[in-house]
Amino acid sequence: MPDQPTVSNAFMSFRANAPQHQQAWMEMVQKLGAACRLDEKTRILAYIAVLSALNMESGIPFHVQQARQAGISREEVISAVLLGLPAAGHRVTQCLPAALQAFDTTPGTGTD
């Protein structure tokens, strides 16, 4: 089982083939993260909900692994994936299998 969350093939290609762009992107992501006033658990769950609403399945495993390592429960991850169901429709369910697989194959915090 991986110690580090798994990133998508697309992100690995981005990192390998456009390192300056990827570095600039990561700097922006870190600055936005620092500006966020949500607590870690809420931020992670909200991000999973947004990815699901946008049907960005490739990003789900990384963020679900991050959630699991932060002590977020399987049921909370499911709720985050399905949160956008009324607004985004059935498309969010496309991310549920990837989310569950990532959760079920990620080591927890030792509290479960």
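Refer to the preceding data block for the structure.
Residues numbered from 1 in each chain as written. Predicted model: local features only at pLDDT ≥ 70, side-chain atom pairs only at ≥ 80, totals over all residues. Heavy atoms only, no water.

A. Structural detail: the environment of P97. Structurally, P97 is set in helix α7 (residues 96-104). Residue class for P97 comes out exposed when judged on its relative accessible area of 52%. In this structure, the C-alpha to C-alpha distance between P97 and I78, residues 19 residues apart in sequence, is 9.8 Å. (Helix = DSSP H or I, 4+ residues; strand = E, 2+ residues; numbered from the N terminus. Buried < 20%, exposed > 50% of the residue type's maximum accessible area, 1.4 Å probe, protein only.)

B. The pattern of salt bridges, seen in detail. Within this structure, the stated rule accounts for two salt bridges. K41 is paired through a salt bridge with E76; the nearest N and O atoms lie 2.4 Å apart. Taken as a pair, K41 in helix α3 (residues 40-53) and E76 in helix α5 (residues 74-82) lie far apart in primary sequence, 35 residues in all. (Salt bridge = Lys/Arg side-chain N within 4 Å of Asp/Glu carboxyl O.)

C. Focus on the packing of helix α1 (residues 9-17) against helix α2 (residues 19-35). The N-to-C vectors of α1 and α2 enclose an angle of 115 degrees; their axes lie 5 Å apart at closest approach. Residue-level inspection shows F11, F14, R15, A16 and N17 of α1 in contact with α2, the latter providing P19, H21, Q22, W25 and M26. Tallied by class, the residues present in the contact of α1 with α2 amount to six nonpolar, three polar and one charged. (Axes fitted to C-alpha atoms, helices over the stretch in contact; angles between N-to-C directions. Contact = heavy atoms within 4.5 Å. Nonpolar A, V, L, I, M, F, W, Y, C, P; charged D, E, K, R; others polar.)

D. Structural detail: the packing of aromatic side chains. Tallied over the entire structure, the rule returns one aromatic pair. With a centroid separation of 5.7 Å and 70 degrees between ring planes, the pair formed by F11 and F14 is classed as edge-to-face. Here the residue F11 and the residue F14 both occupy positions in helix α1, the gap between them amounting to three residues, near one helical turn. Residue classification places F11 among the partly exposed positions, given a relative accessible area of 21%. (Phe/Tyr/Trp six-rings, centres within 6.5 Å; stacked < 30°, edge-to-face > 60°.)

E. Structural context of the packing of helix α4 (residues 60-69) against α7. Axis separation between α4 and α7 bottoms out at 8 Å; the angle between their running directions is 45 degrees. By the criterion of interaxial angle, the relationship of α4 to α7 is oblique. The interaxial crossing formed by α4 with α7 has right-handed handedness. In this structure, α4 contributes I60, P61, V64, Q65 and R68 to the contact, and α7 contributes A98, A99, A102 and F103. (Parallel < 35°, antiparallel > 145°, perpendicular 65-115°, else oblique. Left-handed = near helix turned anticlockwise from the far one by under 90°.)

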